[in-house]
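# Descriptive structure summary
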Amino acid sequence: MKQRRYSGLQMLLAALAGGMLALASGILALWLVLGPHALSLLSAWGLVRAEFVGDYDSDTAIDSALDGMVKGLGDRWSYYLTAEGYASTTQRRNNAYVGIGVTVDYVDERGLRIVEVREGTPAGEAGLLPGEIITAVDGASVAGEAQETGADRIQGEAGTDVTLTLLNENEESRQVTLTRQQVQTPSVSEAQLLEGDVGYIKLDNFYSGSARELCDAVDSLMDEGACGFVFDMRNNGGGYVSELTEMLDHLLPEGPIFRSQTKSGKEEVTYSDESCVDLPFAVLVNGDTYSAAEFFAAQLQESVGAAVVGEYTSGKGYSQQTILLPHGGALNISTGKYTTGAGVSLVGTGLNLDAEVSLTEEQRSDFLLGALDLSEDPQFQKALEYLK
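Keep in mind that this is a model prediction, so the values were computed, not measured. (Residues numbered from 1 in each chain as written. Predicted model: local features only at pLDDT ≥ 70, side-chain atom pairs only at ≥ 80, totals over all residues. Heavy atoms only, no water.)

Our focus in this paragraph is a negative patch on the surface. A grouping of Asp216, Asp219, Asp223 and Glu224 is seen on the molecular surface, where their side chains present a negatively charged patch. Within the fold, aspartate 219 resides in helix α7 (residues 210-223). (Patch = residues over 30% accessible without salt bridge, like charges linked within 9 Å, V, L, I, M, F, W, Y side chains within 5 Å. Areas by Shrake-Rupley, 256 points an atom, 1.4 Å probe, with all protein chains shown as cover. Salt bridge = Lys/Arg side-chain N within 4 Å of Asp/Glu carboxyl O. Lys, Arg positive; Asp, Glu negative; His and termini not counted. Charge placed at Lys NZ, Arg CZ, Asp CG, Glu CD. Helix = DSSP H or I, 4+ residues; strand = E, 2+ residues; numbered from the N terminus.)

What follows is the structure, encoded as structure tokens:
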């Protein structure tokens, strides 16, 4: 008996039916996993591509949509990064960037005032000096409103040149051409043994390598005879949990030092071992002490009674992950909650200050410029009282 052969049309219809069934199954799966909101977003983008008659840039449209979605979460700690923003943030978190090695401020309308020149960088080797004003970058003025983009224009790709127009304190102008290179930025910006054998350490962030830098600074100052420490966490925006817990493990005695909880409720507890630095501590904080820096102060206070001096902090209790998206952008979103080792959340309360001390506007300005001497710093002087 001969088997009946299917016609080409029947085979095509069967294939189409199978395809439609697979598509329907896929849509149902998306609906069940992601919900109707995700399908609405996909549908909206499909409608734009199919029906919108005006000119538009796809990257700009998607960036705006993703940025709006994250802002809609109402979480101040979550944000969207464009592809360029993700690349820049990754460099910063590695405590490195491509540039010339200067720190600038925006207090002079004539341009960018150089606050610091790092040794061994293109700026250092070219003889740039603190106090000089960068008035133009590659011939374009960075005065007035143009200051906002000036720093970004100085940075660029490694190996490329940038020409700066500089104005010194005598109003004399000169031009310098420098070749951009990768610049490493230290996390510990200051570490010194002060009178009374007090070790002072200023930490700027908790990014890559910061734990090693802080622990090395502590050990070095102890070798010099430090009998107590003041850790300056003012204007420290935080960083990585792994760097934070490594520091706490080095400083604190045995016990829980960090608790985290995922959305599913899974809890993880990090412990310090028995090895520690058995000396009195004080921590300086202000309104710009965030995240890991805020937690550092809280855990030192909880574990060993460290004095926390300064201004009230924001009260952060969510940890974030930066998740790269297919088009190169990234979501930095809150994916976990955290508390101190004893289970205390900082959300809504911030730190429990041992002494509330504020800087005057003039002192605050000097502090930001690195020009506030510790002898004239009321927050530091108050912290010293707790180490006596």
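Another point: the pairing of strand β10 (residues 188-194). In this sheet, strand β11 (residues 198-203) lies alongside β10 in antiparallel orientation, the contact comprising six bridges. Bridge pairing in β11 places glutamate 190 opposite lysine 202. Taken together, β10 and the strand that follows it, β11, pair antiparallel across an intervening segment of three residues, in which glycine 196 is found at a positive phi of about 90°. (Pairing = 2+ DSSP bridges.)

We now examine the pattern of salt bridges. Under the counting rule described, the total for this entry stands at ten salt bridges. Close ionic contact of arginine 110 with aspartate 108 constitutes a salt bridge, the shortest N to O distance being 2.8 Å. Arginine 110 sits in the partly exposed class, given a relative accessible area of 36%. Since its relative accessible area comes to 17%, aspartate 108 is described here as buried. Here glutamate 385 ties to lysine 382 by a salt bridge, and the two come within 3.2 Å at their closest N and O atoms. Note that glutamate 385 and lysine 382 are positioned in helix α11 (residues 378-385) at a spacing of three residues, about one turn of the helix. The class for glutamate 385 is partly exposed, based on a relative accessible area of 46%. Judged by its relative accessible area of 27%, lysine 382 is partly exposed. Salt bridges sharing partners connect three or more residues here, namely Asp108, Arg110 and Glu171. (Buried < 20%, exposed > 50% of the residue type's maximum accessible area, 1.4 Å probe, protein only.)

This brings us to unusual backbone geometry. The bulk of non-glycine residues show a negative phi, and the bulk of peptide bonds are trans. The phi torsion at glutamate 171 lies on the positive side, around 65°, for a residue other than glycine. Within the element layout of this structure, glutamate 171 appears in the loop between β7 (161-167) and β8 (173-179). Positive phi values are uncommon outside glycine, yet serine 291 reaches one of about 55°. Its place among the elements puts serine 291 in helix α9 (residues 291-304).

Direction vectors running N to C along α7 and helix α8 (residues 241-251) enclose 20°, while the axes themselves pass 8 Å from each other. Compared by their axis directions, α7 and α8 come out roughly parallel. Here the hand of the crossing between α7 and α8 comes out right-handed. For the pair formed by α7 and α8, the contact residues are Ser210, Ala211, Arg212, Leu214, Cys215, Val218 and Asp219 on the first element and Glu243, Glu246, Met247, His250 and Leu251 on the second. Of the residues belonging to the contact of α7 with α8, the class tally is six nonpolar, two polar and four charged. (Axes fitted to C-alpha atoms, helices over the stretch in contact; angles between N-to-C directions. Parallel < 35°, antiparallel > 145°, perpendicular 65-115°, else oblique. Left-handed = near helix turned anticlockwise from the far one by under 90°. Contact = heavy atoms within 4.5 Å. Nonpolar A, V, L, I, M, F, W, Y, C, P; charged D, E, K, R; others polar.)

This next bit is on the pairing of β7. Here is the key point about a regular strand: its side chains alternate between the two faces of the sheet. Taking burial as the measure, the seven residues of β7 include five buried ones, the bulk of the element. Two strands pair when backbone bridges link them, and β7 and β8 are joined in this way by seven bridges, in the antiparallel orientation. Directly across from threonine 165, in β8, lies its bridge partner glutamine 175. A loop of five residues connects β7 with β8, the two strands running antiparallel in sequence, and glutamate 171 in this loop sits at a positive phi of about 65°.

This part is about the layout of surface pockets. Here the second largest pocket defines a volume of roughly 700 Å³. Counting residues per element, the lining of the second largest pocket draws most heavily on helix α2 (residues 36-51), which supplies seven residues. (1 Å grid on protein atoms, 1.4 Å probe; cavity = no way out; pocket = protein on both sides within 12 Å on 5 of 7 lines; lining within 4 Å. Points joined across faces, edges and corners; volume = space filled by probe spheres on them.)

Everything listed is a geometric property; what it means functionally is a separate question.
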